[in-house]
Amino acid sequence: MIIRKYKKGDEVGILKLDRLVEEHVWNRRNLRNWFWKFNKKKRSMKSIVYVCEKNNKIIATFAILPIKWKIYNQELKASHSIAMIVHPDYQNKGLIKFVADKVIQKAKSKKFEFVYGYPNQKAYDLHKYFFGYEDAFDQNLYFKKLKKEINKKNFKGFNLIETKFFSKSHDKLWQDIKNEYPIILKRSSEFLNWRYAERPDHRYYIFTLYYNKKNIGYMVSKIYKEKKILRGHIIDIFVSQKDLRYFRYLIDSANNFFIKKKCHEITMWLNGSKKLQKSLILKDFKIKSYRKMICKFDLNNKDYKNILNPKSWYFTMGDTFEIY
């Protein structure tokens, strides 16, 4: 067996491996997705991907995706660990730890401050007990059954426009309200365009909210079908917490948009804002389930664990890159 860095051509073997173990057949990875996610040349930081090869076949892989985060008043290099895949014949033998160790070692050399992830239950145990990850918080899944359109006549001066790309006005929005969220992924227009507008294998609906012609927020939505259920995701939402009308308007707009698209329900993640979470409950959302968000904090001997308050960590579906 050989453990080595990714090289051009490995993506074909990685996807073949993925097909053997995939859990979500309704949301398959493909080559376009792989190159968009891991091999985007214009991204400022390159992904780290390692594989284990035996007899010229890839039998395991692990990767991390670099992302910039704002932690209070600091901008840090963080990363999202994704795509931990092991061939069924080699599972439960400790092989993936050797691959993951190479990835983490490389992340340390690149001066990443921490790594986070949302593993399934089997991978959760591996991350916790073999890779040194720790629980950060429980990510609640908010759910709402769609019934009828909501009348928005009381929101004078608001205008929601579907847009294809994020612009400089979104950069200004980020600068204006970022400090309302102590811990948050950096939502620059460059990142948002890569994450949503340029993704090749899924369509995202990008909506920008204006109040008296000023950009005051945005929302990103996605629609997919799982068996007989047509589901609407609110993938990302970013708006000031100082005037909750902004948030309520976006949520009501999502409700009406998904009804027009004949969706049966809405789901979304929202962590790190009591005000916004309370507004969701008042809008008839319920917490349906939760998923563990985990972190490896000590990549460069800096202990961020004590400052990463779970209640202060703003997180939406778009801040993870596995499924959504």
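Nothing here was measured: the structure is a model prediction, and the numbers come from that model. (Residues numbered from 1 in each chain as written. Predicted model: local features only at pLDDT ≥ 70, side-chain atom pairs only at ≥ 80, totals over all residues. Heavy atoms only, no water.)

### Quick word on the overall build of the chain
Here is step 1 of the chain: In terms of regular secondary structure, the chain is built from eight helices and 13 strands.
Here is step 2 of the chain: Against the 2.2 N^0.38 benchmark of 20 Å for 324 residues, the chain shows a C-alpha radius of gyration of 20 Å, consistent with a compact globule.
Here is step 3 of the chain: Summarising its shape, the C-alpha atoms of the chain cover approximately 65 × 45 × 35 Å along the three principal directions.
Here is step 4 of the chain: When burial is assessed residue by residue, the chain has 54% of its 324 residues classed as buried.
Here is step 5 of the chain: When the accessible area of the chain is evaluated, it comes to approximately 16300 Å², of which 50% is carbon and sulfur surface. (Helix = DSSP H or I, 4+ residues; strand = E, 2+ residues; numbered from the N terminus. Rg over C-alpha atoms; globule rule 2.2 N^0.38 Å. Buried < 20%, exposed > 50% of the residue type's maximum accessible area, 1.4 Å probe, protein only. Areas by Shrake-Rupley, 256 points an atom, 1.4 Å probe, with all protein chains shown as cover.)

### Description of the side chain of His233
Here is step 1 of the chain: Mapped onto the elements, His233 comes out in strand 11 (residues 229–239).
Here is step 2 of the chain: Classification of His233 as buried rests on a relative accessible area of 3%.
Here is step 3 of the chain: Side chain to side chain, His233 and Thr267 meet in a polar contact 2.7 Å long.
Here is step 4 of the chain: Excluding its chain neighbours within four sequence positions, the residues that come into contact with His233 are Val220, Ser221, Lys222, Tyr224, Phe258, Thr267, Met317 and Tyr324. (Polar contact = N/O pair within 3.5 Å; in protein donor to acceptor, adjacent residues only side chain to side chain. Contact = heavy atoms within 4.5 Å.)

### Description of helix 1 (residues 10–21)
Here is step 1 of the chain: Helix length check: helix 1, at twelve residues, gives a terminal C-alpha distance of 17 Å against a target of 16 Å (1.5 Å per residue), a fit within 8%.
Here is step 2 of the chain: Listed as buried for helix 1 are Asp10, Glu11, Ile14, Leu15, Leu17 and Asp18. Along the axis of helix 1, the buried residues cluster in a sector spanning 160°; they form a single face. Seen from the buried face of helix 1, the exposed residues on the opposite side, beyond 90 degrees, are Lys16 and Leu20. (Expected span 1.5 Å × (residues − 1). Arc of directions from axis to C-beta.)

### A closer look at the packing of aromatic side chains
Here is step 1 of the chain: This model, assessed by the stated rule, comprises 34 aromatic pairs.
Here is step 2 of the chain: Aromatic side chains Tyr218 and Phe238 sit 5.9 Å apart centroid to centroid with 50° between the ring planes, which places their arrangement in the tilted category. Linking Tyr218 in strand 10 (residues 214–226) with Phe238 in strand 11, this pair joins segments that are 20 residues apart in sequence. Phe238 shares its class with Tyr218; the two are buried.
Here is step 3 of the chain: Connected via pairs of aromatic rings, a cluster forms that spans Trp69, Phe114, Tyr116, Tyr118, Phe137, Trp269, Trp313, Phe315 and Tyr324.
Here is step 4 of the chain: Sitting over the face of the ring of Phe112, Lys77 holds its NZ or CZ atom 5.2 Å from the ring centroid. (Phe/Tyr/Trp six-rings, centres within 6.5 Å; stacked < 30°, edge-to-face > 60°. Lys NZ or Arg CZ within 6 Å of the ring centre and 35° of its normal.)

### Side note on a positive patch on the surface
Here is step 1 of the chain: Together, Lys5, Lys46, Lys68, Lys77 and Lys110 make up a region of like positive charge exposed at the surface.
Here is step 2 of the chain: If you trace the backbone, Lys68 turns up in strand 3 (residues 57–71).
Here is step 3 of the chain: Judged by its relative accessible area of 30%, Lys68 falls in the partly exposed class. (Patch = residues over 30% accessible without salt bridge, like charges linked within 9 Å, V, L, I, M, F, W, Y side chains within 5 Å. Salt bridge = Lys/Arg side-chain N within 4 Å of Asp/Glu carboxyl O. Lys, Arg positive; Asp, Glu negative; His and termini not counted. Charge placed at Lys NZ, Arg CZ, Asp CG, Glu CD.)

### Focus on the side chain of Asn255
Here is step 1 of the chain: Positionally, Asn255 belongs in helix 7 (residues 244–260).
Here is step 2 of the chain: Look at Asn255 and you get buried, because its relative accessible area is 2%.
Here is step 3 of the chain: If we ignore the near neighbours within four places in the chain, the residues touching Asn255 are Lys144, Leu146, Lys148, Glu149, Ile150 and Ile266.

### Regarding the nonpolar core
Here is step 1 of the chain: Trp69, Tyr116, Ile237 and Trp313 are the most contacted members of the largest nonpolar core, which totals 82 residues.
Here is step 2 of the chain: Once residues within four sequence positions are removed from consideration, Ile237 is found in contact with Tyr218, Met219, Phe247, Leu250, Ile251, Met268, Leu270, Tyr314 and Thr316.
Here is step 3 of the chain: Counting residues in hydrophobic clusters, the runner-up holds 23 residues, among them Ala60, Val99, Tyr124 and Ile294. (Core = buried A, V, L, I, M, F, W, Y, C linked by side-chain atoms within 4.5 Å.)

### Remarks on the pattern of salt bridges
Here is step 1 of the chain: Here the structure, examined in full by the defined rule, presents 16 salt bridges.
Here is step 2 of the chain: Between Asp319 and Arg187 there is a salt bridge, and its shortest N-O distance comes to 3.0 Å. Of this pair, Asp319 sits in the segment after strand 13 (286–296) while Arg187 sits in the loop between strand 8 (183–185) and helix 6 (189–197); the two residues are 132 residues apart in sequence, bridging distant segments of the chain.
Here is step 3 of the chain: In this structure Arg187 comes out as buried when scored by relative accessible area, which is 1%.
Here is step 4 of the chain: In this structure, the salt-bridge partner of Asp201 is Arg199, at a minimum N-O distance of 2.8 Å.
Here is step 5 of the chain: On the basis of relative accessible area, Asp201 is assigned to the buried category, the value being 15%.
Here is step 6 of the chain: Residue class for Arg199 comes out buried when judged on its relative accessible area of 9%.
Here is step 7 of the chain: Through salt bridges that share partners, Arg4, Asp10 and Glu53 make up one connected network.

### Looking at the pairing of strand 4 (residues 74–86)
Here is step 1 of the chain: Strand direction decides the pairing type here: strand 3 and strand 4, joined by eleven bridges, are antiparallel. When the bridges of strand 4 are listed, Lys70 appears paired with Glu75.
Here is step 2 of the chain: Here strand 3 folds back onto strand 4 in antiparallel fashion, the turn holding two residues, of which Tyr72 has a positive phi close to 55°.
Here is step 3 of the chain: Across three bridges, the pairing between strand 4 and strand 5 (residues 114–117) is parallel. What sits directly across from Ala78, in strand 5, is Phe114.
Here is step 4 of the chain: Read as a crossover between parallel neighbours, the route from strand 4 over helix 3 (residues 95–109) to strand 5 is right-handed. (Pairing = 2+ DSSP bridges. Right-handed = clockwise from strand over helix to strand, strands pointing away.)

Everything listed here is a matter of geometry and, on its own, says nothing about what the molecule does.
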